[in-house]
Amino acid sequence: MKDTLVIGGHEFQSRFILGSGKYSLDLINAAVQNAGAQIITLALRRANEGGTANILDYIPEGVTLLPNTSGARNADEAVRIARLSRACGCGDFVKIEIMRDSKYLLPDNQETIRATEILANEGFVVMPYMYPDLNVARDLVNAGAASIMPLAAPIGTNKGLATREFIKILIDEIDLPIIVDAGIGRPSQACEAMEMGAAAIMANTAIATAGDIPAMAEAFKQAIEAGRTAYLAGLGRVRETASASSPLTGFLQD
Amino acid sequence: MENEKTEIISAKYITEQTNHMEYQPGMDNIGSEVQDEVISRMNAYDADAYMAADVLRALRKDVLSPEDFGALLSPAALPFLEQMAQRAQAETRKHFGNSVQMFTPLYIANYCENYCIYCGFNCHNKIRRAKLDMDEVEQELKAIAETGLQEILILTGESRAMSPVSYIGEAVKLARKYFRVIGIEIYPLNVDEYAYLHECGVDYVTVFQETYDDQKYKTLHLGGHKRIFPYRLNAQERALMGGMRGVGFAALLGLSDFRKDAFATGLHAYLLQRKYPHAEIAFSCPRLRPIINNDKINPKDVHEPQLLQVVCAYRIFMPFASITISTRERAGFRDNIIGIAATKISAGVDVGIGGHSGEDKGDEQFEISDGRSVDEVYQAICDHGLQPVMADYLYV
């Protein structure tokens, strides 16, 4: 059976999404060739309209662009950036990033819900970056989001699944693809998130800052595939309490 | 009903006799909460009280307190400069990856009403003064845009009379046609004036405090608006209140005790970021440079190791802040520090007036050490395995 990732009616084979932030031609090539990425995030604020080092020039054919609204401090700014992105020919996908904090770059959930609703109504495929909160995730579903992108740890920290328990809840309760974003620092962490049932992984820093970028991209690909396969194979949940080999209830008959 | 706003008093009325701590008519006074804390903690900061163990403890921490920042700025930290550079580099990579932003300053006027004894633009220095008209500004903007740059920093000398806010606003509107990101480095403004320039297209405001030691400050700034210490110190907060996205801080290292000044600069940025969490923070790290008609001025005790120490301390204390490295420094220093802690570098710099598109018609503010073109700096960034970024912001 074909195992595809479906976001807003679009199908993808790859479950690795390259984040923005730290860009270079080498990184994009590695993400596409070694990690098999079919979606690449693009910070619109860094996409030059002409001029040198235009990131748009780096994006290979056939790759879906996922422009983000980084730099937006509220819903109105995010909406403006998304419209600008569409007008620039970057397509209908948009990743909403709204930060009111320049230090930790944590997403503003309330404003994100507002922007999601406006943009979904305008026909965008909206992928909101959020702090993993079940109530907010439900509001985002109702607002028309195409996926939910909870953060694993503060952006750029490579600290792994710091929000593990809360992401698990989203995976269990929300019917949209849950794409783990931000904080994934090692292939093993990506694998763990995929085992839990995450639909895809977004990463950037971990690969961008690796000594050998193509090799690290390859490692992420393998880790994500391994985690996905384990999830589909029906990995038993690790139980919180031990299961006794001579259970107390073992005497029961009939 | 709002009262009619008082015009800011003419610069000529502010002299050596004026109390430098007293706001003058027309100047917004937004209170001194941040200023008081910066000054009292700076006064309490004793750089010589730190020991190696304090430095190592600071370096082991994930998130540094102002106390730890003080340790990194202390003489005790100098033997650990290599470790500081390693940590700074790791933080820079984590937050900025391999990107380095490029920009150039554009001086549109060099008239000045301040008498600052260390500055080449000061009103008693006999230099050629000039002010570009809008046609000339546009020619300069075009010439700079052709180099591929997309971020520009517009500067004037500090003269409200010769370079009024309206003049700067018109120049900014023109700059919006050619550039994605616009910063200003001009005289301090009132909140409504910052709001106006933000509407014109400015997102970033840099104000050099020069020194946070007000007793030293008053002996260096003998006349003009700049003499008023608190009006200058609170400029960044007024800029944020006016809607600006980011603010830049700097002490001119070498004017006074550079360790205290660097400590105050970091603390000032830290406190404003806590008060305005959305604010983007930037540091510049200028050292004194020789100026025309005063060759006695030279960086004194701030040598390259000390400068690197300060830059690394800023980076480790505030890992997310943008750090700009000045053309005051030589090419070799600049190229290496962008690999460690600085994230922004100017190129194709002309600190005179009108030199981008023709002959300079006004003299320069100071001597630069790195006169390389945009292409040369671009290539140097690539040669260091880094990625030049022409614009990282969007005016919304």
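Residues numbered from 1 in each chain as written. Chains lettered and ligands numbered in written order. Predicted model: local features only at pLDDT ≥ 70, side-chain atom pairs only at ≥ 80, totals over all residues.

Moving on to helix α9 (residues 213–232) of chain A. All names here are of chain A. Compared with an ideal rise of 1.5 Å per residue, which puts 20 residues at 28 Å, α9 spans 29 Å between its outermost C-alpha atoms and is within 8% of the ideal. Among the residues of α9, M216, A217, A219, F220, K221, A223, I224, G227 and R228 are the ones counted as buried. Phi turns positive one or two residues past the end of α9, at G234, with a value near 85°. (Helix = DSSP H or I, 4+ residues; strand = E, 2+ residues; numbered from the N terminus. Expected span 1.5 Å × (residues − 1). Buried ≥ 20, exposed ≤ 12 C-beta atoms within 10 Å, placed from the backbone.)

What follows concerns the nonpolar core. One broad rule of soluble globular proteins: the nonpolar side chains tend to lie buried together. In terms of nonpolar packing, the biggest core is built from 194 residues, with A:A198, A:I201, A:F220, B:I154 and B:V311 touching the most fellow members. At 9 residues, the largest contribution of residues to this core is made by helix α12 (residues 304–317) of chain B. What B:V311 contacts, discounting residues up to four positions off in sequence, is B:C285, B:I323, B:I337, B:A341 and B:A342. (Core = buried A, V, L, I, M, F, W, Y, C linked by C-beta atoms within 7 Å. Contact = placed C-beta atoms within 7 Å.)

Quick look at α12(B) now. Every α-helix carries 3.6 residues per turn, so stepping three or four residues along brings you back to the same face. All names here are of chain B. The terminal C-alpha atoms of α12 lie 20 Å apart, and with 14 residues this matches the ideal 20 Å at 1.5 Å per residue to within 8%. Burial runs high along α12: 12 of the 14 residues are buried. Listing the buried residues of α12 in full gives Q306, L307, L308, Q309, V310, V311, C312, A313, Y314, R315, I316 and F317. In this structure, the buried side of α12 is in contact with α3 (66–72), α4 (81–96), α11 (258–275), β8 (280–284), β9 (322–325) and α13 (331–337).

A few words on the confidence of the model for chain A. All names here are of chain A. Model confidence for chain A is summarised by a mean pLDDT of 85, while 87% of its residues fall at 70 or above. Of all the helices and strands in chain A, helix α2 (residues 55–58) carries the lowest mean pLDDT, 66, while helix α4 (residues 109–121) carries the highest, 97. For the stretch residues 49–53, pLDDT sits under 50, and the model shows 8 contacts to residues farther than four places along the chain or on other chains. (pLDDT = per-residue confidence, 0-100.)

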